Amino acid sequence: MSLFNISSDISQDIPAFSTTVCPSWFRQELFNNAKNITIIIILGFINAIVVAGNILVVLAVFASAKLRTVTNFLIVSLAISDLLVGLAVLPYSISLEVLEVWIFGELWCQMWLAVDVWLCTASILNLCAISIDRYLAITRPVHYRTIMSTMKVRLLIAAVWMLSFIICFPPLVGWNDRVQDSEEITSRCPKPQCALITNQGYVIYSALGSFYIPMLVMLFFYYRIYVVALKTSRALDRGRGNDEQRNGRSGNHNKSSKRNARWHAKRFRTEAKATKTVGIIVGGFILCWLPFFTVYLIMGFCETCIPEVLFKVFFYLGYCNSALNPIIYGIISKDFRAAFKKILFRCTFNDESVASLIRHIHMPTFTEEETHVGDSSSQT
């Protein structure tokens, strides 16, 4: 065998990273590609909103005494799951989309896929817990604070995250279809990928546990909330009408019962408003994730039935939900909007803040003068 033949045999065993065969991450024109730049800008912008928006939600709840309620602790848990999507899932998904190859190793690929399922499941189970909380607030207003105590809410949040982990855990112990492809080793340009698990059993298991069953639970509770809220509003309207008739006939009214009715009416309106906000969040979640889980379930039985472009659109639509919730809070909830403004503009000095600072500096002088005048007047 000649030296030339030996060198040609060796060269065939070494991957040739040519610009025509290798994926885009081996090319110098990676950032000159208009498609890649567009993907980086759009998905990077979404990721920035996910991270910044959900950090803002968490800070708002803990910085504002008015927002430190049982329901909002559950919303903090939801925001944390969305925040972790922005920190631990989306950056790797963006890199995979741009580079067209998975560069972080097989171990982290399996971990990343499991974390993705874990956080998505945690989001929808947090929404399930919030819907149960809203149901109790509307149907059991008197005993609500006893039923949903701080300790019980903490246990509920812990149960949500544990159940979410149980759903995402099986692929880590072997229930998956990921195998080491020998072609990745012998091909001229290896292209390791990190695709979703398409094992039929796990697809059905994860789709039902992560989305469809929790969605049905949420829809059931919100239907019950709607029925109870309708009956309660009608009862309050009838009560106000009866009060007006009694006042017109007798001119006397039981003040304690009137105050009690007003308290119930005010409490109902407050809880109904919070329920409406959460209902919009639940609706947004379903609209964002239902298309993905539908095609995901179909692909478990027919991988070629869904076009790749359509799958990617639905895939990233689901991630957009993590950026949607803080926007909903800011638009609908006056308390969250005020807390957001307070956090964002705390260090800005406008005329009112400067005037307030001047008043604060001179307050001891004013107080001492008033005290002195008060003492003098009391002595005379």
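Note that the coordinates shown come from a computational prediction; the quantities given were computed from them, not determined experimentally.

Trainee: Account for the environment of Ala65, naming residues and giving values.
Mentor: Structurally, Ala65 can be placed in the loop between α2 (34-63) and α3 (70-99). Take Ala65: its relative accessible area is 56%, and that puts it in the exposed class. Between the C-alpha atoms of Ala65 and Ala339, which are 274 residues apart in sequence, the distance is 9.9 Å.

Trainee: Talk me through the UniProt feature "transmembrane region" (unreviewed entry) in the protein; I want residue IDs and the actual numbers.
Mentor: In the numbering adopted here, UniProt assigns the feature "transmembrane region" (unreviewed entry) to residues 37-63, 70-92, 112-132, 153-173, 202-223, 277-301 and 313-332. Across residues 202-223, helical content stands at 100% and strand content at 0%; the span's end C-alpha atoms are separated by 30 Å. Between the C-alpha atoms that bound residues 313-332 the distance is 27 Å, and the span itself is 100% helix and 0% strand.

Trainee: For a nonpolar patch on the surface, give the residues involved together with the corresponding values.
Mentor: Residues Leu107, Met111, Phe165, Phe169, Leu172 and Val173 make up a contiguous nonpolar surface patch of about 540 Å² in total accessible area. One can find Val173 in the loop between α6 (150-168) and α7 (182-186). The exposure class assigned to Val173 is exposed, which follows from its relative accessible area of 58%.

Trainee: Can you tell me about the pattern of salt bridges, naming the residues and giving the values?
Mentor: All chains considered together, the criterion is met by four salt bridges. The salt bridge involving Arg134 is made with Asp133; its shortest N-O contact spans 3.2 Å. Using a relative accessible area of 2% as the deciding quantity, one classes Arg134 as buried. A salt bridge links Glu308 to Lys312, with the nearest nitrogen and oxygen atoms 3.4 Å apart. Of this pair, Glu308 and Lys312 both sit in helix α10 (residues 308-332), four residues apart, which is roughly one turn of the helix. A single salt-bridge network, built from bridges that share partners, covers Glu97, Glu308 and Lys312.

Trainee: I'd like to hear about the layout of surface pockets, residue by residue, with values.
Mentor: When its volume is computed, the second largest pocket comes out at roughly 690 Å³. What lines the second largest pocket is a set of 24 residues, among which Ala195, Leu196, Glu308, Phe311 and Lys312 lie closest to the centre. Those elements that place two or more of their residues in the lining of the second largest pocket are α3, α4 (106-139), α9 (255-299) and α10. Sorting elements by how many residues they give to the lining of the second largest pocket places α10 first, with five residues.

Trainee: Before we move on, can you summarise the environment of Cys288 with the specific residues and values?
Mentor: In this fold, Cys288 is placed in helix α9. With residues near it in sequence (within four places) discarded, Cys288 still touches Phe314, Leu317, Gly318, Asn321 and Leu324.

Trainee: Let's hear about the side chain of Ser210: which residues, and what values?
Mentor: On the secondary structure map, Ser210 appears in helix α8 (residues 200-250). Relative accessible area serves as the criterion here: at 2%, Ser210 is assigned to the buried category. Here Thr121 takes part through its side chain, which lies 2.7 Å from a polar atom of the side chain of Ser210.

Trainee: Kindly report on the packing of α3 against α4, identifying the contributing residues and their values.
Mentor: Contact pair α3 / α4: the axes reach a minimum separation of 9 Å and the direction vectors enclose 155°. Overall, the two elements α3 and α4 adopt an arrangement that is roughly antiparallel. Considering only the axes of α3 and α4, their crossing is left-handed. Looking at the contact of α3 with α4 residue by residue, the classes come out as 18 nonpolar, six polar and four charged.

Rules behind the numbers
Residues numbered from 1 in each chain as written. Predicted model: local features only at pLDDT ≥ 70, side-chain atom pairs only at ≥ 80, totals over all residues. Heavy atoms only, no water. Helix = DSSP H or I, 4+ residues; strand = E, 2+ residues; numbered from the N terminus. Buried < 20%, exposed > 50% of the residue type's maximum accessible area, 1.4 Å probe, protein only. UniProt positions renumbered as here; feature names shortened; annotations may be inferred. Patch = residues over 30% accessible without salt bridge, like charges linked within 9 Å, V, L, I, M, F, W, Y side chains within 5 Å. Areas by Shrake-Rupley, 256 points an atom, 1.4 Å probe, with all protein chains shown as cover. Salt bridge = Lys/Arg side-chain N within 4 Å of Asp/Glu carboxyl O. 1 Å grid on protein atoms, 1.4 Å probe; cavity = no way out; pocket = protein on both sides within 12 Å on 5 of 7 lines; lining within 4 Å. Points joined across faces, edges and corners; volume = space filled by probe spheres on them. Contact = heavy atoms within 4.5 Å. Polar contact = N/O pair within 3.5 Å; in protein donor to acceptor, adjacent residues only side chain to side chain. Axes fitted to C-alpha atoms, helices over the stretch in contact; angles between N-to-C directions. Parallel < 35°, antiparallel > 145°, perpendicular 65-115°, else oblique. Left-handed = near helix turned anticlockwise from the far one by under 90°. Nonpolar A, V, L, I, M, F, W, Y, C, P; charged D, E, K, R; others polar.

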